[in-house]
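Chain and residue survey
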Amino acid sequence: MELDVIICGVGGQGSVRASHILAEAAINAGNRARVGETFGAAMRGGKVSSHVRIGDVYGPLVRERSADIIVAQEPLEGMRIGRKYAAPDGVVILNPPPVYPVDVSTGNAVYPPVDEIEETLRGLAGTVAVVNGTTIAREIGNPRSMNIVMLGAAYGTGLITFDRQILLDVIAAAFKPKFKELNEKAFLAGEKAYKDAVS
Amino acid sequence: MNKVGKDEAGMKTLLMGNEAIARGAVEAGVKVGVGYPGTPSTEVGEVLGDLAGDLGFYFEWSINEKVAIDVASGAALTGARTMVMMKNAGLNVAMDTFATLPYTGVRGGLVIVVADDPGAHYSSTEQDTRPIAQYAEMPCLEPKDQQQAKDMAREAFDLSERMEMPIFLRSVTRLSHASGDVVFGEIEKASREVGWNKHFKLPFRWAVYGPPEGAAGRHGWLKKKYPEFLAESEKSLFNNLQIVPGSPVAIVSSGVATSYVNDALTALKKKGACSILEIGFVYPPPEEKMKKILDAADTILVVEDGNPMLENKLKELASDAGLHKKIIGRGSKAVIPTFNELNPDLVISVVADLLGVEYSFAVVPEETRKKADELTIPRSSALCAGCPHLGSYAGLARVIKKYGKELLIVNGDIGCYEQGGYGVAAQVITPTDNATKKYPVASPYEILDTTYVMGSGIGQAIGERRALGDNASKKVVAVAGDSTFFHACLPALADASLYNADITFLVLDNSWTCMTGHQPSPRSRVNAMGGEVPALDIAAVCRAMGVKFVKVADAYNLEEATEAIDEAISYQGFSVVILTGECVLQVLRREGVVEPKTHVREDVCIGCKQCVAIGCPAVTFDPEKKKAGIDPLLCVDCGLCIQVCPVNAIVTE
Ligand SMILES: Cc1ncc(C[n+]2csc(CCOP(=O)(O)OP(=O)(O)O)c2C)c(N)n1
């Protein structure tokens, strides 16, 4: 399997965690994998993007316009990464709730309309799927599982070809046992939401 | 136990480069680990600190890198296997010991891990420390990926003991903060003898000035070891030479650049199409292998993430051999930009050019690109909601307002609070001439006038004061955090106190080394291995250093903080204010997140934006309604915005 994925969002949303889960699962499924993390300091709220590369890969970074899947946990960050990395035939999965930067609250910038972001991403990638991971995670009863919902959505693309259970096992091991069921629900809900979004 | 410490040879798992380096140390049976946190090197120490108790070795976060390298070398002189880690800038702090250590060498394996940061993601410079290893004449390794990072760290201990010399392991952000599959090796359990011998193999071995020949003689001894280093490099498996007969071109690479080259050759379907030399033992580099590459090809592309160090060596070897070869890279015939980090796009384009193949990626239609650029507004980094620095800066901002132009300079330092000098990216600044000016401070992100390196703020404040003379109407301030205070401010504090520099020094004490991910500071009451230690008292240190004006104030009490800062600034002479308030993320981690109660009564809010000016990410503003708001996902009920609201529109009931 050969796949380049970028998971992006803001600090605290669990992008890096999700990318490590995907890479670890890929390794357990017998692949080579790399993750390249790009994030700021320990502060919350900064922009974060994590490149996951699976297959005959050496370095940790995805080349421009060659991400097969972009998982955008936040729309502005989806735009930032999408404009540079979305492959023309790639998939962008967009979680629409914005997290406003200080540039907006201090009145130095206006947050771009999310529908325009979606529209523009459609001009950059083959498929854009809106999956409201934030709402789905809240409905399931664990708002912090948004990143797992979005990982499930990425699995829903069918581009991750190893068995779903390998991912679920890595997810189970990554969190406290009491979250096992909720995370599994979150993953499956994400997978379904992706399929609904593109059908 | 952290998976890095598992005694499971053959296990394959995903490791971050820093974890892989720590694993190498564990496999080598490390006895002492030491460092000072600094991105992107920190996790090497975090993992070792985590494992020290379980595996029975010692780890400490030292007070700074100079102390760390001294602690490390002391341990290694006794024969203990020792690893010390720091970031690029940390090596500058450790330089005195670092440059001297090769004159005596070591007895136990000593591995010095330095993580560089091409692209300066987290650093004040892009400095390449490989040439610094060369300058100290210390052997240097540079891994291409996580597996090699583990293997090199492991092997470096053996190499160090064989050559009786510290080994420099250079990493970069894209290695340290990247992850890859790594297969574990055996953990060595042999217990090594630790002891003391003043005349270990040489008279007065551990005295650089010692007889018979003093330092110059020891330099001669080090020079004589060079052939030994070179021989190790020549036979090192970390250098990989593949000659492709008949190919007129070749690629030489080192470190993570090697991985980019391999990605490029794979994507271009040109694996095996030209001669390559991957260099992992970068100082001294394998001269014989380099000569073979020179003989094999006419054009040689050298790809390295940093200075053209190997490129220049190759040119030297070509010139010595009287060969006229085209050697290109980042040096005098630069085909790769001479600054900023390498990336796979850059590398594939130069590799494609070298091989004479087409490479292009799908171009985005002009209109879409324009639209995408327009929609991509910046996301400036900000202090966390409820951060105590927001309180300190709100107090300082009030004092700045009161003094106006009189409070001329606020020197920054390095820590989370350095964001006080970042500005807000979306703001447009027009630089002006050299007229003396004080700019308005609209947010805490504009409050600092300087930011350089750890500990430089207070020293620069002294210099500014001396240059401005005794002009009492020109106030000079410096700030620093608690970790930075102990790391590099103490000598400048003594200087300011001894010569009574009329400056004000604000210590922003949040009890942790936060910016690098909450390592313990001397204020945290805990050490890197999880043990209890006492907290050092900053006020007592200042008083012991002879500082007459020392005040402690609560960073979350705006009135108290403002008053203390105001008083200190009007004081004639050196004054120190310690603003205390524990890092809110640490408090949340310990006490759990609770639903915030703070909210804005919209009917009362007059839209004055004084709460917005605090710069807290939880305070929002609706430009249409002209009303402030509180983001319940971010707010932690710290109460700062409540204190600035002139009409009591922000409440907690
Ligand atoms: C010489 C050097 N070593 C390490 C670092 C990495 N570093 C950046 S800020 C910082 C310290 C932050 O602690 P503190 O001063 O207490 O401020 P805080 O982040 O907690 O506000 C460190 C260690 C550095 N920049 N330079």
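This structure is a prediction, so every number in the text was calculated from the model and none was measured. (Residues numbered from 1 in each chain as written. Chains lettered and ligands numbered in written order. Predicted model: local features only at pLDDT ≥ 70, side-chain atom pairs only at ≥ 80, totals over all residues. Heavy atoms only, no water.)

A short note on the packing of helix α7 (residues 146-163) of chain B against helix α9 (residues 214-235) of chain B
Residue and element names in this part refer to chain B. At a minimum axis separation of 11 Å, α7 and α9 run at an interaxial angle of 150°. Classified by the angle their axes make, α7 and α9 are roughly antiparallel. Relative to α9, the crossing made by α7 is right-handed. Across the interface between the two elements, Leu159, Arg162 and Met163 from α7 touch Lys225, Glu228, Phe229 and Glu232 from α9. Looking at side-chain class alone, the contact of α7 with α9 contains three nonpolar, no polar and four charged residues. (Axes fitted to C-alpha atoms, helices over the stretch in contact; angles between N-to-C directions. Helix = DSSP H or I, 4+ residues; strand = E, 2+ residues; numbered from the N terminus. Parallel < 35°, antiparallel > 145°, perpendicular 65-115°, else oblique. Left-handed = near helix turned anticlockwise from the far one by under 90°. Contact = heavy atoms within 4.5 Å. Nonpolar A, V, L, I, M, F, W, Y, C, P; charged D, E, K, R; others polar.)

What to know about the side chain of Asn411 of chain B
Residue and element names in this part refer to chain B. As for its placement among the helices and strands, Asn411 is situated in strand β15 (residues 407-411). Here Asn411 falls in the buried class, since its relative accessible area comes to 0%. Only 2.7 Å separates the side chain of Asn411 from the side chain of Glu464, close enough to count as a polar contact. Filtering out sequence-adjacent residues up to four positions away, Asn411 remains in contact with Leu448, Thr450, Gly457, Gln460, Ala461, Glu464, Val476, Val477, Ala478 and Val479. (Buried < 20%, exposed > 50% of the residue type's maximum accessible area, 1.4 Å probe, protein only. Polar contact = N/O pair within 3.5 Å; in protein donor to acceptor, adjacent residues only side chain to side chain.)

What to know about the sheet that holds strand β17 (residues 504-509) of chain B
All names here are of chain B. Judged by pairing direction, the sheet is parallel, and its five strands sit side by side in the order β15-β16-β17-β21-β20 without closing on themselves. Strands with a single pairing partner mark the edges of an open sheet, and in this sheet they are β15 and β20 (549-554). The mean inter-strand angle of the sheet, taken between neighbouring strand axes irrespective of direction, is 20°. Relative to strand β21 (residues 575-580), β20 is paired through six bridges, and the arrangement is parallel. Its bridge partner being in β21, Asp554 is matched across the sheet by Thr580. On top of the sheet, helix α15 (residues 388-403) reaches β15, β16 (475-481), β17 and β21; it is set at about 160° to β15, its chief contact. Against the sheet, helix α19 (residues 558-570) contacts β15, β16, β17, β20 and β21, and its axis sits at roughly 165° relative to β20. (Pairing = 2+ DSSP bridges.)

Section: the site of the ligand
Residues and elements named next belong to chain B. Taken together, 25 residues lie around the ligand, and Glu65, His389, Cys416, Ser483 and Thr484 are the ones closest in. Between the ligand and the protein, one listed contact pairs an oxygen atom with a side-chain N or O atom of His389 at 2.7 Å. One of the side-chain N or O atoms of Thr484 is found 2.6 Å from an oxygen atom in the ligand. Element by element, the count of residues in the shell around the ligand is highest for helix α17 (residues 482-498), at four residues. When residues of the shell around the ligand are sorted by domain, at least three fall in each of domain 1 (3-189 + 197-224) and domain 3 (388-425 + 437-589). (Near = heavy atom within 4 Å. Domains from an automatic or database assignment.)

Describing the interface of chain B and chain A
By a widely used convention, the size of an interface equals the accessible area lost when the partners come together. Listed as interface residues are 63 residues of chain B and, on the opposing side, 59 residues of chain A. Both faces combined, the contact of chain B with chain A buries some 5,100 Å², and carbon together with sulfur accounts for 58% of it. It is Leu375, Ile377 and Arg379 of chain B that lose the most area in chain B upon contact with chain A, and together they represent 17% of the buried surface on that side. At the junction of chain B and chain A, the tally comes to nine salt bridges. Across the salt bridge formed by Glu24 of chain A and Lys3 of chain B, the nearest N and O atoms sit 3.1 Å from each other. Joining chain B to chain A, the criterion identifies 24 residue pairs in polar contact (both at pLDDT 80 or more). (Buried area = accessible area lost by both parts, 1.4 Å probe. Salt bridge = Lys/Arg side-chain N within 4 Å of Asp/Glu carboxyl O.)

Notes on the pattern of salt bridges
All names here are of chain B. A complete count under the given rule lists 59 salt bridges over all chains for this structure. With its nearest N and O atoms 3.8 Å apart, the salt bridge here joins Arg81 to Glu188. In this pair, Arg81 sits in the loop between α3 (65-77) and β4 (82-87) while Glu188 sits in the loop between β8 (178-183) and α9, placing the two residues 107 residues apart along the sequence. On the basis of relative accessibility, which here comes to 2%, the residue Arg81 falls in the buried class. The partner of Asp116 in a salt bridge is Arg170, and the shortest N-O contact between them spans 2.8 Å. Here Asp116 is found in strand β5 (residues 110-116), whereas its partner Arg170 is found in strand β7 (residues 167-172), with 54 residues between them in sequence.

Looking at the packing of aromatic side chains
Under the criterion given, the structure shown has 10 aromatic pairs over all chains. Look at Tyr100 of chain A and Tyr111 of chain A: their rings are 5.1 Å apart centre to centre, the planes differ by 80°, and that puts the pair in the edge-to-face class. With a gap of 11 residues between them, Tyr100 of chain A in the loop between β5 (86-94) and α3 (102-105) and Tyr111 of chain A in the loop between α3 and α4 (114-122) connect regions that are remote in the sequence. Take Tyr111 of chain A: its relative accessible area is 11%, and that puts it in the buried class. Their ring planes at 15° and their centres at 5.9 Å tell us that Phe200 of chain B and Trp206 of chain B sit as a pair that is stacked. (Phe/Tyr/Trp six-rings, centres within 6.5 Å; stacked < 30°, edge-to-face > 60°.)

Topic: the domain arrangement of chain B
All names here are of chain B. When the domains of chain B are assigned, the result is domain 1 (3-189 + 197-224), domain 2 (238-355), domain 3 (388-425 + 437-589) and domain 4 (595-651). Once you take the C-alpha centre of each, domain 1 and domain 2 turn out to be 27 Å apart. Tallying the contact residues gives 26 residues for domain 1 and 22 residues for domain 2. For the pair domain 1 and domain 2, the summed buried area comes to about 2,000 Å², and 58% of that belongs to carbon and sulfur atoms. Seen at the junction of domain 1 and domain 2, the total is three salt bridges.

A word on the pairing of β7 of chain B
Sheet faces and side chains relate simply in a regular strand, where the side chains alternate between the two faces. Residues and elements named next belong to chain B. Burial of β7 is extensive: six of the six residues sit out of reach of the surface. Taking every second residue as pointing to the same face, both faces of β7 are buried, with Ile167, Leu169 and Ser171 on one and Phe168, Arg170 and Val172 on the other. Sheet topology places strand β6 (residues 140-141) next to β7; two bridges connect them, and they run parallel. By the bridge assignment for β7, Cys140 is matched with Phe168. Traced from β6 through α7 to β7, the parallel crossover comes out right-handed. (Right-handed = clockwise from strand over helix to strand, strands pointing away.)

A few points about the sheet that holds β5 of chain B
All names here are of chain B. Strands sit in the order β3-β2-β4-β5-β7-β6-β12 across an open sheet of seven strands; the sheet is mixed. With one partner strand each, in any of the chains shown, β3 (58-61) and β12 (281-283) form the two edges of the open sheet. With four bridges connecting them, strand β2 (residues 32-35) and β4 associate as parallel partners. For Val32, the partnering residue across the bridge sits in β4 and is Thr82.

Topic: a negative patch on the surface
Residues and elements named next belong to chain B. A contiguous patch of negative charge, built from Asp554, Glu559, Glu560 and Glu563, is present on the exposed surface. Per-element accounting of the negative patch gives the leading share, three residues, to α19. On the secondary structure map, Glu559 appears in helix α19. Residue classification places Glu559 among the exposed residues on the basis of a relative accessible area of 58%. (Patch = residues over 30% accessible without salt bridge, like charges linked within 9 Å, V, L, I, M, F, W, Y side chains within 5 Å. Areas by Shrake-Rupley, 256 points an atom, 1.4 Å probe, with all protein chains shown as cover. Lys, Arg positive; Asp, Glu negative; His and termini not counted. Charge placed at Lys NZ, Arg CZ, Asp CG, Glu CD.)

Considerations on the environment of Ala94 of chain B
All names here are of chain B. The residue Ala94 is located in the loop between α4 (88-93) and α5 (95-100) in this model. Ala94 gets classed as buried once you look at its relative accessible area, which sits at 0%. Sequence separation of Ala94 and Pro522 is 428 residues, and the distance between their C-alpha atoms is 19 Å. Not counting residues within four places of it along the chain, the set of residues in contact with Ala94 comprises Glu65, Lys66, Ile69 and Met86.

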